[in-house]
Structures are given as structure tokens and as C-alpha cells.
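Per-entry structural report
If you want the building blocks of each chain, they are given just below.
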Amino acid sequence: MKVALGALTTRGRSFVAAGLTAVACAFLLGEQDLLRAGMLILVLPLLATFAVSRTRYRLACARRLGPSRLPVGHEARAELRLENVSRLPTGLLLVEDRVPYTLGGRARFVLDRIEPVGARELSYRLRSDVRGRFKVGPLTVRLADPFGLVELARSFSLTDTLTVTPQVVQLPAGRVLGAWSGDGESRARTVSTAGEDDVAPREYRRGDDLRRVHWRSTARYGELMVRREEQQWQSRATIFLDTRRSAHWGEGPGSSFEQAVSVAASIGVHLAEEGLSLRFVTDTGEHAEVTSAPGAAAGGELLDALAVITHSRASTLVPGLGAVRGSGGRDSEGLIVAIFGVLSPAEARSVASARRGTATGVAVVVDPSDSGTSAEGAAFLRGSGWRVLRLASIGDLPAAWAGVHQGVLAE
């Protein structure tokens with residue numbers, strides 16, 4: 001009852017105040033009729049409170065988001081199913097699903113009555129122009145009396161997550177020349193020139209063909225081992241994103257940072273569709289181990305990481321470039337795609353050293369201001385053997401990318 005009394009609406013509190021005032025005046029003036037009226041006004045919200053607090057409704061809730069991951073500017077639909085699993089019909093229900101303001105605010109519904117073992121299906125739209133990961137729910141059901149004097153809330157614990165990913169643009173089909181790289185093992189050596197006992201196995205790596213598992217070595221070492229000489233060359237790419245606040249201009253969806261994030265998402269999805277395995281690195285090096293299997297969900301894991309990425313306070317690219325170079329083995333080979341904001345010549349020299357061996361480097365400079373600093377940095381990278389794209393926005397990427405897989409870039 002104490003909790004229920006706290007659920008009195010403004011109208012209910014007004015009734016209680018009016019009833020107490022009438023009772024007090026009745027004693028002062030000696031008016032019996034005023035006392036009866038005051039008692040009636042006072043008892044009515046108390047009876048409503050007792051009735052609502054003793055409600056024994058049993059409700060079940062289910063929610064489905066379709067889709068649970070969508071690009072910026074697209075719409076998703078949330079579908080709710082509220083079921084009365086008790087043998088009593090419900091009264092007036094005020095249903096509210098908690099939704100972040102970015103997705104459109106709270107979704108509210110009024111249900112007059114749900115029959116015993118009955119259900120109601122509700123739906124509403126979700127849309128965001130800002131990327132991120134948002135929690136939808138929990139659902140709150142407010143029980144109210146017919147006079148609107150009491151409103152008691154009951155909440156479910158069920159929540160769902162909606163991921164809003166960056167804008168992705170379609171890029172021309174074609175593999176980048178030099179993106180295919182091996183793992184330092186000779187392809188000439190085959191089983192025909194080496195007996196079963198001469199096989200030099202290595203540990204299983206994500207993406208290896210299970211048909212090449214060497215079972216004798218697996219039993220010996222207690223973990224999956226594969227034949228070195230039978231390993232096909234794999235295609236892999238490293239996506240590097242400069243998130244430093246000092247390297248980007250503007251705020252909001254049109255800022256150079258948001259454009260750079262969209263560029264990283266578009267290129268990552270394109271490379272995943274082409275069958276390359278992905279590794280994602282930022283200037284801080286914190287996301288160096290975010291991976292995606294070749295072609296799996298078209299870079300979905302990368303999109304999830306980019307959905308929540310924010311500016312960093314770093315002042316240098318050194319930690320991230322160190323993660324790109326890795327230990328000088330597999331991770332430093334293949335294709336390196338680096339996305340920058342403003343890039344100075346000094347920073348370009350550091351970036352140039354990140355490409356080693358047979359790696360192919362593609363640098364994308366997103367600088368809407370077209371500053372001279374970025375022009376000098378881009379020229380240095382181009383002279384160091386990198387393929388350089390200079391963009392003002394994500395809309396320029398498809399045309400600029402068309403020449404990358406052919407090794408021909410327009411200035």
C-alpha cells in the first residue's frame with residue numbers, strides 16, 4: 001500500500017487533499033453533510049489504490065527487432081507481443097517501451113482490455129541518423145483505475161540491442177593488385193616431393209581449410225595442426241583508421257571523421273565480399289584484433305566495431321602504425337588500406353614505413369578543406385609507392401576506387 005500510495009496521479013492527490021480539507025472544515029463548522037462528502041472524496045482514491053495494488057495480472061512480453069543491425073538513415077521495426085497468461089481480464093493498460101531519444105523517443109500505447117489468455121501485438125518504427133549501439137527496452141506496463149486516480153508501473157527486464165552502422169556505399173568490383181599474399185611458405189613444395197613423415201605442420205589459423213588438417217600432428221600436440229606445404233595463399237587486408245580529434249574537422253554527420261568512418265566501412269565491406277580476411281587497427285592500436293573471416297556477413301564484425309568508434313585523444317600515429325607492422329610476419333603482408341583526415345608530411349613518413357615486403361598500400365585522405373598540408377603528405381606517400389586517394393566526402397569514393405584494383409589512380 002505504501003508503494004501504491006506513491007502511485008497516486010495528480011488527480012488522485014487532488015482528491016485526497018480535497019477530502020482532508022472537507023473533513024477538517026466539517027469539524028470546524030459542525031457540518032455533518034460536509035463531513036460525509038469529504039469522507040467520500042477521501043475514500044475513493046484509497047479504494048482505487050487498494051484495488052490496483054491487489055491486481056494479480058500475469059503478463060508475458062516478447063520483442064523482435066527487424067533488422068537488429070542497419071545503416072545510418074534506415075528504418076527498423078520493433079514488434080511487441082504482450083500476452084495475458086492469467087485467468088482474469090486486464091483493465092486499462094498504459095504500455096511504454098523505453099527507446100533512446102536518438103531513435104525517436106519512447107513508444108507509448110493504450111490498451112483497453114486483454115482477455116484471459118489473450119494477446120496484443122504492437123509495433124513501432126526506429127530510425128537514427130547517428131551511428132551507435134542502442135538499448136531498446138525494458139517495457140513498462142502501467143496499471144490505472146477507471147477514474148485515473150492511481151497509476152502503478154510494472155517493468156519487464158527484457159531489452160534488445162539495435163546497432164546503427166556507418167553509411168556504406170557500393171564500390172566497383174575487382175581485386176586490388178598485390179592484395180594476395182602468402183604466409184612465407186613455398187608453394188612449390190607439395191606432398192608429392194615430401195613424404196607424410198616429412199610434413200612440417202603448423203598450428204591451425206582462422207580461415208584454414210579443415211581438409212588440410214594433419215591428424216597425426218594434431219594428436220601429438222593436442223591442438224589442430226595443418227600441413228604447411230599444402231596451404232593455399234590467402235588474401236588478407238588491414239584497415240587502418242586515424243581517429244585523432246586533431247586530424248579531423250567539423251561535427252556531426254558531415255564532419256571529416258564521420259566521412260572517414262564511412263570510407264572505412266565501405267572499403268571493409270567491399271574487401272570482405274571479395275573474400276579477403278580483415279584486420280582493423282586504429283591510431284591507438286586498441287582495435288588491432290577485430291577480425292572477420294573471408295566474406296563472412298560482408299564485414300559485419302567490422303561494421304559493429306565502426307558503429308561505436310569515437311575520437312581518440314592521441315597526438316601521434318606511432319601506436320597504431322606499430323600494430324599495422326606487427327611482428328613483421330603475416331600481419332605486415334597483404335593489403336593495407338589506411339584512412340586519414342589531415343595528414344602532414346612528417347606523419348606521412350611514419351605511415352610510409354608501415355608498408356613492408358610485398359604489402360600493397362592504399363592511403364585514403366579525407367580532407368574536405370583540401371588543405372596544402374594534406375596535399376604534401378599525399379605526395380610523399382605517392383612517392384613512397386603508396387596508392388593515394390584524396391576525397392572530400394564519402395560520395396567521391398566509388399569513382400576514386402575504380403582505378404585502385406587496376407593500379408591506376410587519377411589525381
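This structure is a prediction, so every number in the text was calculated from the model and none was measured.

Turning our attention to unusual backbone geometry. Residue Pro-67 is bonded to the preceding Gly-66 through a cis peptide linkage, with omega at -10 degrees. Residue position: Pro-67 is located in the loop between strand S1 (59-66) and strand S2 (69-71). With an omega of 5 degrees, the peptide bond between Gly-137 and Pro-138 qualifies as cis. Looking at the element boundaries, Pro-138 is found in the loop between strand S7 (132-136) and strand S8 (139-144). In this structure, Val-117 is a non-glycine residue whose phi angle is positive, near 55 degrees. Here Val-117 shows up in the loop between strand S5 (107-111) and strand S6 (119-127).

Quick look at the pattern of salt bridges now. Evaluated as defined, the whole model comprises 15 salt bridges. One salt bridge in this structure joins Arg-106 and Glu-96, with 2.8 Å as the shortest N-O distance. Placement of the pair is Arg-106 in the loop between strand S4 (92-97) and S5 and Glu-96 in strand S4, with a sequence separation of 10 residues. The partly exposed category is assigned to Arg-106, whose relative accessible area is 46%. Note that Glu-347 is salt-bridged to Arg-244, the shortest N-O span being 2.7 Å. Of the two residues, Glu-347 is situated in helix H8 (residues 345-352) and Arg-244 in the loop between strand S14 (234-241) and helix H5 (256-273); the sequence distance between them amounts to 103 residues. The exposure class of Arg-244 is buried, given its relative accessible area of 2%. Residues joined by salt bridges that share partners form a network here, namely Arg-63, Asp-97 and Asp-160.

By size, the foremost hydrophobic cluster in this structure holds 35 residues, and its most contacted members are Ile-267, Leu-271, Ile-339 and Leu-397. Put simply, the parts of the chain that give this core at least two residues each are S14, H5, strand S15 (277-282), helix H6 (300-307), strand S17 (335-340), strand S18 (360-366), strand S19 (387-391) and helix H10 (397-401). Examining the composition of this core, we find that 10 residues originate from one element, H5, more than from any other. The residues contacting Ile-267, other than those within four sequence positions of it, are Leu-171, Ile-239, Val-337, Val-364, Leu-397 and Trp-401. One finds Val-16, Ala-48, Leu-103 and Ile-114 within the second-largest nonpolar core, a separate group that totals 34 residues.

Another aspect to go through is the packing of H5 against H6. Put simply, H5 and H6 touch, their axes get as near as 9 Å, and they point 170 degrees apart. When the axes of H5 and H6 are compared, the pair comes out roughly antiparallel. Contacts between H5 and H6 involve Val-261, Ala-264, Ala-265, Gly-268 and Val-269 from the first element and Leu-302, Leu-303 and Leu-306 from the second. Tallied by class, the residues present in the contact of H5 with H6 amount to seven nonpolar, one polar and no charged.

By the definition in use, this model includes two aromatic pairs. Taking 5.9 Å as the distance between ring centres and 50 degrees as the angle between the ring planes, the aromatic pair formed by Phe-240 and Phe-340 counts as tilted. Of this pair, Phe-240 sits in strand S14 while Phe-340 sits in strand S17, and the two are 100 residues apart along the sequence. Accessibility expressed as a relative area gives 0% for Phe-340, which makes it buried. Across from the ring centre of Phe-380, 5.9 Å away, lies the NZ or CZ of Arg-349, which sits over that ring.

This part takes up the confidence of the model for the chain. Residues at a pLDDT of 70 or more form 82% of the chain, whose mean pLDDT is 81. Looking at the elements of the chain, mean pLDDT is at its lowest for strand S11 (residues 180-181), recorded as 48, and at its highest for strand S10 (residues 160-165), recorded as 95. Every residue in residues 180-198 is under pLDDT 50, and counting partners more than four places away or in other chains gives 33 contacts. In the predicted structure, residues 229-233 sits below a pLDDT of 50 and forms 20 contacts with residues beyond four places in sequence or in another chain.

The rules we used
- Here the residue index of a chain counts from 1 through its sequence in written order.
- Totals for whole chains, interfaces and linings use every residue, but because this is a predicted model, local features are given only for residues with pLDDT of at least 70 and side-chain atom pairs only at 80 or more, for both listing and counting.
- Heavy atoms from the whole structure form the basis of all side-chain values; hydrogens and water molecules are not counted.
- Only DSSP runs of H or I reaching four residues or more are called helices, and only runs of E reaching two or more are called strands; each is numbered from the N terminus.
- Whenever Lys or Arg places a side-chain nitrogen within 4 Å of a carboxyl oxygen from Asp or Glu, that contact is recorded as a salt bridge.
- Residue burial is assigned from relative accessible area. The probe radius is 1.4 Å, only protein chains are included, and a residue is buried under 20% of its type maximum, exposed over 50%, and partly exposed in between.
- What makes a nonpolar core is a set of buried Ala, Val, Leu, Ile, Met, Phe, Trp, Tyr and Cys residues whose side-chain atoms join them at distances within 4.5 Å.
- For this analysis, residues touch if any pair of their heavy atoms sits within 4.5 Å.
- Here an axis means a line fitted to C-alpha atoms, over the contact stretch when the element is a helix, while the angle between two N-to-C directions is reported on a 0 to 180 degree scale.
- Roughly parallel means an angle under 35 degrees; roughly antiparallel, over 145; roughly perpendicular, 65 to 115; everything else is oblique.
- Gly is put with the polar residues, along with every residue not named as nonpolar or charged; the nonpolar set is Ala, Val, Leu, Ile, Met, Phe, Trp, Tyr, Cys and Pro, and the charged set is Asp, Glu, Lys and Arg.
- Here a Phe, Tyr or Trp ring, Trp counted by its six-membered ring, pairs with any other such ring whose centre lies within 6.5 Å, and the pair is stacked when the planes are under 30 degrees apart, edge-to-face when over 60, and tilted otherwise.
- Should the NZ of a Lys or the CZ of an Arg lie within 6 Å of a ring centre and within 35 degrees of the ring normal, that charge is described as sitting over the ring.
- Scored from 0 to 100, pLDDT records how confident the predictor is in each individual residue.

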